[in-house]
Amino acid sequence: MKTQLSSLSLGAPVVFLSLLLVSCDGSNSDDVIVGGQTAFQGPTSSGALGLSAGDERLVVANPDNDTVSIFNTASGGASLLAEIPVGDEPRSVAVSPDATKAYVVNSITGTVSVISLSGLNVASTIPVGVDPRAIAITPNGTKLYVTNAASNSVSVINTATD
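A brief report on the enclosed structure follows. (Residues numbered from 1 in each chain as written. Predicted model: local features only at pLDDT ≥ 70, side-chain atom pairs only at ≥ 80, totals over all residues. Heavy atoms only, no water.)

**Here we look at the sheet that holds strand β10 (residues 111–116)**
Link 1 in the chain: Taken together, four strands build an open sheet; the order of strands is β8-β9-β10-β11 and the sheet is antiparallel. If you trace the sheet from one side to the other, it starts and ends with β8 (90–95) and β11 (121–127), each paired once. Adjacent strand axes in the sheet meet at a mean angle of 25°, parallel and antiparallel pairs treated alike. (Pairing = 2+ DSSP bridges. Helix = DSSP H or I, 4+ residues; strand = E, 2+ residues; numbered from the N terminus. Axes fitted to C-alpha atoms, helices over the stretch in contact; angles between N-to-C directions.)

**A closer look at the environment of Leu 81**
Link 1 in the chain: Turning to its location among the elements, Leu 81 is positioned in strand β7 (residues 79–85).
Link 2 in the chain: As for Leu 81 and Leu 117, which are separated by 36 residues in sequence, their C-alpha atoms are 9.9 Å apart.
Link 3 in the chain: If sequence neighbours within four positions are ignored, Leu 81 has contacts with Arg 57, Ile 70, Phe 71, Asn 72 and Leu 120. (Contact = heavy atoms within 4.5 Å.)

**A word on the side chain of Thr 73**
Link 1 in the chain: Mapped onto the elements, Thr 73 comes out in the loop between β6 (67–72) and β7.
Link 2 in the chain: Leave out the neighbours within four places in its chain, and Thr 73 touches Leu 51, Asp 55, Glu 56, Arg 57, Leu 58 and Ala 78.

Given below as structure tokens:
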């Protein structure tokens, strides 16, 4: 399976990513519907936690032990489903709008781990720039944007081929 990856060289990738997120208009063509309700109306960004659109899965980056924890949150609580080893120092998480995948930025290894939320395993690993820090997924789930601090770039990943 071939991964489409492109990289933009920028003076300030984090600022660019912020501008990208702000400049999207959230038009209805990008809306994601879950359970008959609009779940996303604009790009989603990342952090150490990622929550699925339907609130059924919570993904937590654990940089101290190089894992992510997957929790079932469908019943209102949080029960641990799995702790999955990923690359070195996972930093940011984004969950696909359809809740089938989670994307985890690993800053030391310079990769993105693609987690299958149904199989609870690493489905693939995608190399990106040096010292990736943050990740955002488009509302329709077709692209990921990853900021790479040390290589001063933004990687663009086509999720259809990850």
